[in-house]
Amino acid sequence: MRIRLNNNNNIENNMKNILILAIAVFSLIMAQDDFFEPGYSIGGYGELHYNRAQTGDDEATTTLDFHRFIIYYGYNWTEKWSLKSEVELEHNFVADGEGELELEQAYVNYHTEKFGFQAGVILPSVGLINEYHEPPLFVSVERPEYNKYVIPTTWFGNGFAVYGSMSGLNWRVALMEDMEGEGIGAGIRSGRGKGYKTTAYDWVKNISLNYTGIAGLRIGGSYTMNDAPINNDPDSTVSFGLGEFNIKYDANNLYAVLEYGTISYENNPDGYTSSGGYYLDMGYNIAGLVGVEGKLMPWLRVSDYNRGTTDGTVNPDKHYSIQRFGLTYWPISNIAFKFDYGTHETESANDKKTLINLGVGYNF
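Residues numbered from 1 in each chain as written. Predicted model: local features only at pLDDT ≥ 70, side-chain atom pairs only at ≥ 80, totals over all residues. Heavy atoms only, no water.

Caption draft 1: View of the pattern of salt bridges. With the rule as written, the count across this model stands at ten salt bridges. Close ionic contact of Glu-131 with Arg-172 constitutes a salt bridge, the shortest N to O distance being 3.9 Å. Remark: Arg-172 occurs in strand β7 (residues 169–176) and Glu-131 occurs in the loop between β5 (115–122) and α2 (146–149); sequence separation between them is 41 residues. Of the charged contacts, one joins Lys-295 and Asp-250 as a salt bridge, the two residues approaching to 3.2 Å between their closest N and O atoms. On the criterion of sequence distance, the pair formed by Lys-295 in strand β13 (residues 295–310) and Asp-250 in strand β10 (residues 233–251) is long-range, its members being 45 residues apart. By relative accessible area, which is 23% here, Lys-295 ends up partly exposed. Residues joined in a network through salt bridges with shared partners are Glu-47, Arg-68, Glu-88 and Glu-90. (Salt bridge = Lys/Arg side-chain N within 4 Å of Asp/Glu carboxyl O. Helix = DSSP H or I, 4+ residues; strand = E, 2+ residues; numbered from the N terminus. Buried < 20%, exposed > 50% of the residue type's maximum accessible area, 1.4 Å probe, protein only.)

As structure tokens, then:
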């Protein structure tokens, strides 16, 4: 009887220990938010460029420019609520109409695994580089011209966005300040208000969708539209619609990017009814073949775009063809050393422009 009693006591003690442990684990799971500690994060990026340009037999011009310096600051109040911001300085200083100092992002963000919300200074989801434009993410010294004159990277403004993802499919819908109709002409770049005393009569509507369910592959597209008031007058507007498609593959030492976009206009001040174009990048990582640590990629770019077409007739002064090849080296993923050489040809010009660029870019 004594042995049986001891066994019963042992069983009861074990059951109590298991029950206490189960309660502790359950309480930890249910109260995990109590262990979250608010905190901040700091990041940024920058890039130094050397550019040499020569048209025909003209004397070459050379420039050395620290093109961009960006500081990122974020703060997490909880696991779901945070602040994200970026301040950008271009060309080292701001004085006498030169250089730029901009609040490129500053928004409250609510985020869960499947859904999110943003409010403040945001970026529309258009193309590959507008949202994610750190220098190590693209191969050339300068951003592709497509991402300047077709998609006006970096495009930001005051607004709101909702976004979500499921099984590799990501979507986002953004409502932003109106563009400035008087600035739209050979493209929409000069119509960006950049958050300064902008209007919200019609709102820029941006809808995007992309798929990232296959390793190394991203396929996406977006559509953006607005009736942009001219001189803040909602009764006089320039209407535009920007549709674009993009695909990127970066895996197994292969690198390929294709972006294509077109813009349609109504009441364009310069009389254009459309503009658009594309660029294609192809590269291969040869670091393993030559025994170099990191990533070493020779690459080739072909691009063609126009900034103004009227009823199907392209303005030859606004039609450009680009061929470029280069070599980019990433000793680590956050630093890129870049070289590229190529030509830039305007349809109406007799001589091509030859470009040689060197650069280094980083992000952290």
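There is more to say after this.
Caption draft 2: Representation of the side chain of Gln-118. Tracing the chain through its elements places Gln-118 in strand β5. Not counting chain neighbours up to four residues away, the residues in contact with Gln-118 comprise Tyr-107, Val-108, Asn-109, Gly-159, Phe-160, Ala-161, Tyr-163 and Arg-172. (Contact = heavy atoms within 4.5 Å.)

Caption draft 3: Up close: unusual backbone geometry. A cis amide bond links Thr-153 with the next residue in sequence, Thr-154, at an omega value of -5°. Examined against the element boundaries, Thr-154 turns out to sit in the loop between α2 and β6 (157–166). Even without a glycine there, the phi angle at Asn-92 is positive, about 75°. Along the chain, Asn-92 falls in strand β3 (residues 81–95). With a phi angle near 70°, Trp-203 is a residue other than glycine that sits in the positive phi range. You can see Trp-203 is positioned in the loop between β7 and β8 (204–211).

Caption draft 4: Molecular detail of a nonpolar patch on the surface. Taken together, Phe-115, Phe-117, Phe-160, Leu-169, Trp-171, Val-173, Ile-207, Leu-209, Tyr-211, Ile-214, Ile-219 and Phe-245 make up a surface patch of nonpolar side chains, about 1000 Å² in accessible area. Elements with a minimum of two residues in the nonpolar patch: β5, β7 and β8. Tracing the sequence through the fold places Tyr-211 in strand β8. (Patch = residues over 30% accessible without salt bridge, like charges linked within 9 Å, V, L, I, M, F, W, Y side chains within 5 Å. Areas by Shrake-Rupley, 256 points an atom, 1.4 Å probe, with all protein chains shown as cover.)

Caption draft 5: Region of interest: the nonpolar core. Grouped together as the largest cluster of nonpolar side chains are 37 residues, with contacts concentrated most on Trp-155, Met-179, Ile-184, Ile-188, Phe-240, Leu-242 and Tyr-265. Those elements that provide at least two residues to this core are β7, β9 (217–230), β10, β11 (254–266), β13 and β15 (319–332). With four residues, the single largest contributor to this core is β11. Not counting residues up to four positions away in its chain, the partners in contact with Phe-240 are Trp-155, Met-179, Ile-184, Ile-188, Thr-224, Met-225, Asn-226, Ile-263, Ser-264 and Tyr-265. (Core = buried A, V, L, I, M, F, W, Y, C linked by side-chain atoms within 4.5 Å.)

Caption draft 6: A look at the environment of Gly-43. Among the structural elements, Gly-43 can be located in strand β1 (residues 39–55). Residue Gly-43 is classed as buried on the basis of its relative accessible area of 3%. Considered as a pair, Gly-43 and Ile-188 are 145 residues apart in the sequence and their alpha carbons are 30 Å apart.

Caption draft 7: Seen up close, the pairing of strand β17 (residues 353–363). Relative to β17, β1 runs antiparallel, the two sharing eleven bridges. The residue bridging Asn-51 from the neighbouring strand is Asn-357, located in β17. The antiparallel hairpin formed by strand β16 (residues 335–346) and β17 contains six residues in its connecting segment. (Pairing = 2+ DSSP bridges.)

Caption draft 8: Quick peek at the packing of aromatic side chains. Inspection of every chain in the model, using the stated rule, returns nine aromatic pairs. Geometrically, the ring pair formed by Trp-81 and Tyr-110 is tilted, given 4.8 Å between the ring centres and 50° between the ring planes. Taken together, the positions of Trp-81 in strand β3 and Tyr-110 in strand β4 (residues 98–111) put the pair 29 residues apart, joining distant regions of the chain. Under the relative-accessibility criterion, Trp-81 is labelled partly exposed at 39%. Each ring, one from Phe-160 and one from Trp-203, has its centre 6.2 Å from the other, and the planes form 45°; the classification is tilted. Here Phe-160, found in strand β6, pairs with Trp-203, found in the loop between β7 and β8; they are 43 residues apart in sequence, far enough to count as distant. In this structure Phe-160 comes out as partly exposed when scored by relative accessible area, which is 40%. (Phe/Tyr/Trp six-rings, centres within 6.5 Å; stacked < 30°, edge-to-face > 60°.)

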